[in-house]
Amino acid sequence: MGSTVDAATDLSTDLPVDDSLEMLHRATNLFLRSRQLSSLSNLHSSILLFERAVALVSDNNPDKPKYLDNYVAALFARFDVVKERQDVDHAILLCQRAVDLTPKGDASLHDRLSSLGQAYYRRMSDLSDLDAAVASVQKAACVAVDDINKVLYTQAAGSMLESCFKLLGRIEDMDGILSNLGEALEQRFLRTDALDDLDAAIDTFRHAVGITEDHHPEKLGLLSRLGKALSNRFNRSGSPPDTDACVAAYRSAYELLPASAPAGEKAKCLESLGLALRDRFKASGCIDDIDSSIAALQEAGNLIGSQHEELETTNTFVSLGNALNSRFNHLGSVTDLNAAISAYQQAVEVKSLGDIARSVTLGNLAKALDKRFKRLGNHADLDAAIQANEEAVSLMPDEHPSKVIRLNNMALAVMNRFGLSGAPEDLEAAIAAYQRGLALARPGHPHWRGLLTNMGVALLNQFYHSGRAEDIDAAIHAQREAVNSLRDDDIQRSFFLNSLGVALQKRFEHLCLPEDLRGALDAFTTAAYTTSGPASDRFLAAHNGALLASKSQGPRQALTLYQRVMDLIPQRVWLGLNVKDRLSGSS
C-alpha cells in the first residue's frame, strides 16, 4: 500500500503547474483510495493536492466551488480521524468561500450551506459555533427546492437544537470539546434553563413530520426524534400535553413499521412507547396508561430476547420492572411486585452489563425485594435485598454521585434485619455504611443530613444494646448536627427535632441529667409548633413531649403539649382518608 501512495505523490509533482483539472482528478482518486483502504497517508497526500488545485483556479471560474467542495470533504475526513482543530478551522473558511462564490438559485447552494453548518458543528469551540451551525442548516432548508432535502435539513437543525438544550441544561456532563463552552453556557443555562432551544427543536421536528409522507424512509426517525424531544420537555417542565403528544408520536412511529421490520427495530419503538405511556400515567394517574405501558414493554422484551441482543434486553427489562413497580405502588398487587422483581433479576443476569448499570439495576432489585419483605414478612426477601445492596455498593465507584444513596439503602436494609434478629454485627455493618456515606457526602451534600439522622438512630440502637455512654453521646451529636444545618422554615425540621428529642430523652433516662430533660422537651416543643412540614411529624413530637412532661414534671406541665396534640389531630386525620387510615392516624 505504501508504494501506491509514493507513486501517486511522485506523479503529482510531475504535473504542469497550470493543470488544475488533472491535479483535482489525482487528488480525488487518492481521497477515494484513502477511504477504501483507511489510509491516513493517502488522505494527507490528497489534501496537499486539493490545496494546490484550488490555488490554481481563479475565483471567476464557475467550477471553483466544486474544487472547494472536494477539498472540504477531505479536511472533514481527516478531522474526524485525528481531531486537529486547524483542519476544521480551514474547512469553515473554505465552506464560506464556496457559499459566497455560488450564485443565488444555484442547485448546489443548499449543499454548501449544509457543509458550512457541519463544519461549525464539528468545531463547536463556543456557543457562537453552535448558533452558526444551526443558522447555516436552516438556511439550507430554506433554499432547498425539493421536499426531501428540506426534510433532511429540517431534521438536522432539530438535532442540533436538541443537542444545544442538552448541553445547556446539563453543564456538569459536558466533556472534551464541549467543555470550552464554559462560563457563557453556564450563565445562559442559569438565566433561561435552555427551554427555548428545546421548544425550537420540537417545532422543527413537528414541521418536518408534517411535510413528510408516511412512505418516506425518514418519517419514522422524525417521529422518534419528536417523541424524544417531547419526553425531555415533559421531564423538565412536567406539562401533561407533552405526554399526550409524545405517546402519539411513538405510536405513529410503531404503526409505520412494516411487518417485515427487524425484531430489534420493533422492540425499540415499543420500548419508547411504553416509557411514554408510563410518563403519561405519572402525569394523569390513568390506570389504562400503565397497563398499556407494561404490555408494550413486555412485548418489546419478548422481541429483543428472541434476537439475543443482551444490552437492549437489559434496558427493556429494567424499564418493565419500573413500570410494574409503578403499578404496584398504585394498586398494591403483589403479583405486580413479583413480576417487577423477576424483570430486575433478568436484567441483572445479563453478562455484558457494565458495573454502573449493574449497580443501578441491583439497587432497583433491592428496593423491590424490601417492599415485598415489608408486605409479606418473608425473611429471605430481606436477606436477598441486603445481598443485592451490598453488590450494588461494591460495583459503584466512590466518586459516583449515587454511591451515597447505595450506602444509605444498604444500611437501612441491614437495620431492618437488626430489628428482627438483634444481631450486633448487623448494627455494626449499618453504622459502618453510614460512616462511609458521610465521608463521601460531606456537609452541604443533599443526602448528608439524612445520613446523619439515620446514623444517629443506629447509634441509639447500639446504645440500647451496649449501654455505652459514648454511643448515646455520638447519637445525640449526629442528631444535633443535622438539626443545626436546617433553616427554621425547612419542612423536615420537625422530623429532625423529634429525632434529637428522642435521643436526649434516652440519655436523660440513663444518666438523669437535668440539661438532657430540658433539651428533649425543648426539641419536642419546637418541633410540635413548627409551621411547616407534615402534620404527622408535628403530632408525634407533641405526643412524645406530652408523655415526657407528664412523667417527669406532672400533668399540669404537660397540658400545653396535650392541647397541641388535640389541635393537630384534624390536620393528621384528613376526612378524605378511608376509615381505617383515619383510625390509624388518630392513634
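Residues numbered from 1 in each chain as written. Predicted model: local features only at pLDDT ≥ 70, side-chain atom pairs only at ≥ 80, totals over all residues. Heavy atoms only, no water.

## Side note on the side chain of R493
Then, number 1: Of note, R493 is situated in helix 23 (residues 493-511).
Then, number 2: Residue classification places R493 among the buried positions, given a relative accessible area of 14%.
Then, number 3: If we ignore the near neighbours within four places in the chain, the residues touching R493 are V483, L486, R487 and D488. (Helix = DSSP H or I, 4+ residues; strand = E, 2+ residues; numbered from the N terminus. Buried < 20%, exposed > 50% of the residue type's maximum accessible area, 1.4 Å probe, protein only. Contact = heavy atoms within 4.5 Å.)

## Concerning the packing of helix 23 against helix 25 (residues 535-553)
Then, number 1: Interaxial distance between helix 23 and helix 25 falls to 9 Å at its minimum, and their mutual angle equals 25°. Of the possible angle classes, the one that applies to helix 23 and helix 25 is roughly parallel. When you trace helix 23 past helix 25, the crossing you get is left-handed. Residues S494, F495, N498, V502 and Q505 of helix 23 touch helix 25, and the partners they reach there are D537, R538, L540, A541, N544 and L548.
Then, number 2: Grouping the constituent residues of the contact of helix 23 with helix 25 by class yields five nonpolar, four polar and two charged. (Axes fitted to C-alpha atoms, helices over the stretch in contact; angles between N-to-C directions. Parallel < 35°, antiparallel > 145°, perpendicular 65-115°, else oblique. Left-handed = near helix turned anticlockwise from the far one by under 90°. Nonpolar A, V, L, I, M, F, W, Y, C, P; charged D, E, K, R; others polar.)

## Brief notes about the pattern of salt bridges
Pairs may arise between side chains of opposite charge once their charged atoms sit close together.
Then, number 1: Inspection of every chain in the model, using the stated rule, returns 29 salt bridges.
Then, number 2: R417 serves as the salt-bridge partner of D426, at 3.0 Å between the closest nitrogen and oxygen.
Then, number 3: Since its relative accessible area comes to 7%, D426 is described here as buried.
Then, number 4: For R417, a relative accessible area of 23% gives the class partly exposed.
Then, number 5: A salt bridge links D516 to R507; the nearest nitrogen and oxygen atoms lie 2.8 Å apart. For the pair D516 and R507, one class covers both residues: buried. (Salt bridge = Lys/Arg side-chain N within 4 Å of Asp/Glu carboxyl O.)

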